[in-house]
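Residues per chain, in single letters:
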Amino acid sequence: MATSKTSESNRLGWIITLVVLAIITAIAFWLAGWIQFGTDPRVQEILALQEQAKARYATNGGLMNLTQATAAFTSMMEIRQKTEQLPPHLRPQVEQAAGNAFRTVFWERVDRYFGLPPEQRQAELDRHIDQQEVMRKAMEAGRAVMGALGGGQASGGSNAPSGSQPANQTPGRPPWGSRSEDERNRWRKSMVDRTTPNERARFTEYTRALDARRDQRGLPSSWPR
């Protein structure tokens, strides 16, 4: 009987020890950032900034002038800087949200284009192209200022077209810049892979129409070929 009680006491002691160790380990992992209970405040801040930027610069027809494009670029760089300051395990949540927001805005533009009568579509393409160009100018000006201040270029060369991605970006992230044609192609493929056959057909038709119009206006292609 005494042996049985001793064995039960030892077993209870081991259980208590294991529970205590599990609690200590969980606390250590939480302090190290490996376990999250709810959304990290730093992530919440960035997600809020993303929503603000989308509301300001991607609604009501999008960018209208260089002033708005410069403000959008500044906001984009602020979000990127805060994202890069996050611990690696927190970045995917922010990057996924950014990628989803970019894709949503892009498909809204495509849907608007196809929702117009054929005779109005060229004017819509011209509006999209004008927005691309003011954003390009804003990005070039921003990179020039950063270079003058010793901050270097923001994500790749100054001539990188929109719709591209640095090597250290995940496929879901939006195109902040580019370092090579292969990286731009990978980003484009990652976006196309997330679409249905009907969406891919619309994507192809839209980008062909956009690039044909850019060519008519003497502008380079907006997508790598």
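See the structure above.
Structure report, in brief. Keep in mind that this is a model prediction, so the values were computed, not measured. (Residues numbered from 1 in each chain as written. Predicted model: local features only at pLDDT ≥ 70, side-chain atom pairs only at ≥ 80, totals over all residues. Heavy atoms only, no water.)

### What to know about helix α3 (residues 66-84)
Its 19 residues place the ends of α3 27 Å apart at the C-alpha level, agreeing with the 27 Å of an ideal helix rising 1.5 Å per residue. Taken together, the buried positions of α3 are occupied by Ala69, Ala72, Phe73, Ser75, Met76, Met77, Ile79, Arg80 and Thr83. Where α3 begins, the capping side chain belongs to Asn65, and its oxygen is found 3.2 Å from the backbone nitrogen of Thr67. (Helix = DSSP H or I, 4+ residues; strand = E, 2+ residues; numbered from the N terminus. Expected span 1.5 Å × (residues − 1). Buried < 20%, exposed > 50% of the residue type's maximum accessible area, 1.4 Å probe, protein only. Polar contact = N/O pair within 3.5 Å; in protein donor to acceptor, adjacent residues only side chain to side chain.)

### Things to note about the environment of Ala141
You can see Ala141 is positioned in helix α5 (residues 118-148). Look at Ala141 and you get partly exposed, because its relative accessible area is 42%. A C-alpha to C-alpha distance of 9.8 Å links Ala141 and Phe73, two positions 68 residues apart in sequence.

### Some remarks on the packing of helix α2 (residues 41-57) against α3
At their nearest, the axes of α2 and α3 sit 10 Å apart, and the two run at 165° to each other. Here α2 is positioned roughly antiparallel relative to α3, judged by the angle of their axes. As for the relative orientation of α2 and α3, their crossing is left-handed in sense. Contacts from Glu45, Ile46, Leu49, Gln50, Ala53 and Tyr57 of α2 reach α3 at Gln68, Ala71, Ala72, Ser75, Glu78, Ile79, Lys82 and Thr83. Of the residues that constitute the contact of α2 with α3, the class distribution is 7 nonpolar, 4 polar and 3 charged. (Axes fitted to C-alpha atoms, helices over the stretch in contact; angles between N-to-C directions. Parallel < 35°, antiparallel > 145°, perpendicular 65-115°, else oblique. Left-handed = near helix turned anticlockwise from the far one by under 90°. Contact = heavy atoms within 4.5 Å. Nonpolar A, V, L, I, M, F, W, Y, C, P; charged D, E, K, R; others polar.)

### Concerning the packing of aromatic side chains
For the structure on display, the rule yields 6 aromatic pairs. For the ring pair Phe106 and Trp107, a centre distance of 5.4 Å and an interplane angle of 80° mean the geometry is edge-to-face. A relative accessible area of 8% means that Phe106 is categorised as buried. Take Trp107: its relative accessible area is 14%, and that puts it in the buried class. Between Trp107 and Phe203, the ring centres sit 6.3 Å apart and the planes meet at 50°, which makes this aromatic pair tilted. Separated by 96 residues along the polypeptide, Trp107 in helix α4 (residues 91-115) and Phe203 in helix α7 (residues 197-216) bring together distant segments of the chain. Here Trp107 matches Phe203 in class, with each residue buried. Three or more aromatic residues link up through ring pairs in this structure, and these residues are Phe106, Trp107, Tyr113, Phe114, Phe203 and Tyr206. Sitting over the ring of Tyr113, Arg121 keeps its end group 5.4 Å from the ring centre. (Phe/Tyr/Trp six-rings, centres within 6.5 Å; stacked < 30°, edge-to-face > 60°. Lys NZ or Arg CZ within 6 Å of the ring centre and 35° of its normal.)

### Examining the pattern of salt bridges
This model, assessed by the stated rule, comprises 12 salt bridges. Taking the shortest distance from any N to any O, the salt bridge between Asp40 and Arg42 comes out at 2.9 Å. Look at Arg42 and you get partly exposed, because its relative accessible area is 41%. A salt bridge links Glu133 to Arg214; the nearest nitrogen and oxygen atoms lie 2.9 Å apart. Of this pair, Glu133 sits in helix α5 while Arg214 sits in helix α7, and the two are 81 residues apart along the sequence. (Salt bridge = Lys/Arg side-chain N within 4 Å of Asp/Glu carboxyl O.)

### A few points about the nonpolar core
Within the largest apolar cluster, 19 residues are counted, with the highest numbers of intra-cluster contacts made by Leu63, Ala69, Phe73, Met76, Leu86 and Met135. Going through the elements one at a time, α2, α3 and α5 are the ones with two or more residues in this core. With 12 residues, the next largest nonpolar core counts Trp107, Tyr113, Ile129 and Phe203 among its residues. (Core = buried A, V, L, I, M, F, W, Y, C linked by side-chain atoms within 4.5 Å.)

### Considerations on the side chain of Thr195
In this structure, Thr195 sits in the loop between α6 (181-192) and α7. When its relative accessible area of 10% is taken as the criterion, Thr195 is described as buried.

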